[in-house]
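A structural walkthrough
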Amino acid sequence: MPSGSSRRAGRHFLQIPGPTNVPDRVLRAIDLPTIDHRGPEFGALGKKTLADMKRVFKTTRAEVVIYPASGTGAWEAALVNTLSPADRVLMYETGHFATLWQKMAGKLGLDVEFIAADWRHGADPEAIEQRLRADADKRIKAVCVVHNETSTGVTSRIADVRRAIDAASHPALYMVDTISSLASIDYRHDEWGVDVTVAGSQKGLMLPPGLSFNCISPKALAAAKSARLPRSYWAWDEMIANGRSGYFPYTPATNMLYGLAEALKMLLDEEGLDAVFARHQRHAEATRRAVRAWGLEVFALDAREYSASLTGVLMPAGHDADRVRKVILDAFDLSLGTGLTKLGGKMFRIGHLGDFNDLMLMGTLAGVEMGLALAGVPMKKEGVQAAMQYLAECARTPARRAA
Ligand SMILES: *Cc1c(COP(=O)(O)O)cnc(C)c1O
């Protein structure tokens, strides 16, 4: 903040990889009188949002439940509804969020087998297949993978992990965290044979934090009948029974659901999911071109696993990423994602997901380029130019927009 003034003019640039920018339309939809959550008007809202969320998850067979909770709540719901004390679960260390989910599983009394990895790659389908093949007496009850590891900007190949589970002929449930990928990166609950998909409101869905989701396959529902981990608030059975008529067993986050209905209209009926995914890919590619033109390193190593919703940028040795982030926030009112746990100070993350367009990206990249120079980080001031050139090419040849 410039000394002497208590106001910063214009919009703050919120380019962390969630929470993301909330469209004005969604904010206005939330800003309505709260209604009777047992009344007729609410039932219609509940039914419509649940049906539209199935379209986002790409499912016709699964059940969807919506919790008034952050994504962490939906992680817990996925585990406690399907598993019993001391059940073995196989998880893969893609980064900070996979590590947190793994810790939660341990605290809940599950027996976690955590495949250690370097955070620069997605979950390795071959490593998962090997573990499952070695599990001759089928003690592993669930395989849990984070689709888009928000701490690193690396995605996992969810369909390939499904193929690995099938190749090992293993009956384990398959659970996927899509908190920072749903409605930004292509995702197919049914086609990819996922049993529980976990999602949250504040990233691709363009809402404030406060809602989270489970999408539940028939196999996961069947597992819930005999699962013995204690659960009450998170229990699926009453959520699903009430949800059939659009209601909730307890007071729902009514105003957040108004916002969700508006966001779903924008994503599904107006822009269309395929266009949303192509837009995210375009912004991610433009960002990577900028990073490379600066002479810096994209954290993700495998091009098949580049995240379309954020880019992790590695700092040159001896330069603190958090100092650069502070310089950029102070000078340009732009927030970037910090390096989490072992990446603290070593990287920053550029969020390019949610309600975002080409010029917002250019403003973001300009802020980063100016900030890197102000902070004295050795780099070439060519990133903005490289990104602009790519976006202009995409605008000239719309077919390339999806490339
Ligand atoms: C943000 C995020 C979480 C945590 O969600 P909260 O809403 O903060 O509880 C978990 N997993 C991933 C991949 C995330 O991006």
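This text gives an overview of the structure that appears in the document.

About the thresholds
- In this convention, every chain numbers its residues from 1, walking through the sequence in written order.
- Confidence filtering applies because this is a predicted model: local features only for residues at pLDDT of at least 70, side-chain atom pairs given and counted only at 80 or more, and all residues used for totals across whole chains, interfaces and linings.
- For side-chain calculations, the full set of non-hydrogen atoms in the structure is used, while hydrogens and water are omitted.
- Secondary structure elements are taken from DSSP: a helix is a run of H or I of four residues or more, a strand is a run of E of two residues or more, and numbering for both begins at the N terminus.
- Only protein chains enter the area calculation, which uses a 1.4 Å probe; residues under 20% of their type maximum are buried, those over 50% are exposed, and those in between are partly exposed.
- Should any heavy atoms of two residues lie within 4.5 Å, those residues are considered in contact.
- In this tally, Lys and Arg are treated as positive and Asp and Glu as negative; His is ignored, and so are the chain termini.
- The atoms used to mark charge sites are NZ of Lys, CZ of Arg, CG of Asp and CD of Glu.
- Whether a residue is near a molecule or strand is decided by its heavy atoms; if any one of them lies within 4 Å of it, the residue is near.
- By this definition, two strands are paired if DSSP reports at least two bridges between them.

What to know about the overall build of the protein
When its secondary structure is counted, the protein shows 13 helices and 14 strands. A principal-axis box enclosing the C-alpha atoms of the protein has dimensions of 60 × 55 × 45 Å. Across the 403 residues of the protein, 58% fall into the buried class. Long-range pairs, those at least 24 residues apart, make up 74% of the contacts in the protein between residues at least 6 apart in sequence. Positive and negative charge centroids in the protein, built from 49 and 45 side chains respectively, lie 1 Å apart.

Thoughts on the site of the ligand
Taken together, 13 residues sit near the ligand, with S70, T72, T150, D177 and K203 positioned nearest. Ranked by residues supplied to the shell around the ligand, first place goes to helix α3 (residues 71-82) with three residues.

A word on the pairing of strand β10 (residues 212-216)
Most of β10 sits out of view: five of its five residues are buried. Along β10, one buried face is formed by S212, N214 and I216 and the opposite face, lined by F213 and C215, is buried too. Note: strand β2 (residues 63-67) against β10, five bridges, orientation antiparallel. Paired with Y67 across the strands is S212, a residue of β10. Pairing analysis gives five bridges linking strand β9 (residues 196-200) to β10, with the strands arranged antiparallel. When the sheet's bridge partners are listed, A199 is paired in β10 with F213.

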